[in-house]
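Summary of the model geometry
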Amino acid sequence: KSCIAPSCSDVARYCHDNDDIGLRARLFCPRTCGCDDPRSSLVLANPNQGCGRNCMRAGGYMARLQDTPCEDVEYNDTAYNA
């Protein structure tokens, strides 16, 4: 058997896991996991949970954060990536 090089699409299903596999998925595939989106459904989005500090400081994240209204989100809001 040969060793395969996984891609982010291969590990996307682990992004929400609260274990070492989930941590590694967020660490190596932060965009795929939603670390760069303040409206992502990812709960484990802190740097100590695998999402790098730069994701929250990046221009895209900050721009989306600025565009996010300060209001409660409805459970069926299509802008929320559940």
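Now for a quick tour of the structure.

Thoughts on the state of the cysteines
According to the stated counting rule, one finds 3 disulfides in the structure shown. One disulfide in the model links C15 with C33; its S-S distance is 2.0 Å. A torsion of -70° about the S-S bond marks the disulfide between C15 and C33 as left-handed. Within this pair, whereas C15 is found in the loop between α1 (8-11) and α2 (20-28), its partner C33 is found in helix α3 (residues 30-33), the two being separated by 18 residues in sequence. Owing to a relative accessible area of 2%, C15 belongs among the buried residues under this scheme. There is a disulfide in this structure between C35 and C51, and the S-S distance comes to 1.9 Å. Judged by the sign of its S-S torsion, about -65°, the bond between C35 and C51 is left-handed.

Observations concerning the environment of Y61
Along the chain, Y61 turns up in helix α5 (residues 59-67). The class for Y61 is buried, based on a relative accessible area of 13%. Each residue touching Y61, except ones within four places of it in the same chain, is listed here: C35, D36, D37, P38, C55 and M56.

Brief notes about the nonpolar core
C15, A25, C33, C35, L42, A45, C51 and C55 form the largest nonpolar core, which has 8 residues in total. With sequence-adjacent residues up to four places away left out, A25 is seen in contact with V11, Y14, C15, P30 and C33.

Description of the side chain of S40
Residue position: S40 is located in the loop between α3 and α4 (53-57). A polar contact is formed between the side chain of S40 and the backbone oxygen of G34, at a distance of 3.5 Å.

Cut-offs and rules
Residues numbered from 1 in each chain as written. Predicted model: local features only at pLDDT ≥ 70, side-chain atom pairs only at ≥ 80, totals over all residues. Heavy atoms only, no water. Disulfide = S-S within 2.5 Å. Helix = DSSP H or I, 4+ residues; strand = E, 2+ residues; numbered from the N terminus. Buried < 20%, exposed > 50% of the residue type's maximum accessible area, 1.4 Å probe, protein only. Contact = heavy atoms within 4.5 Å. Core = buried A, V, L, I, M, F, W, Y, C linked by side-chain atoms within 4.5 Å. Polar contact = N/O pair within 3.5 Å; in protein donor to acceptor, adjacent residues only side chain to side chain.

By themselves, these figures tell us nothing about what the structure is for.
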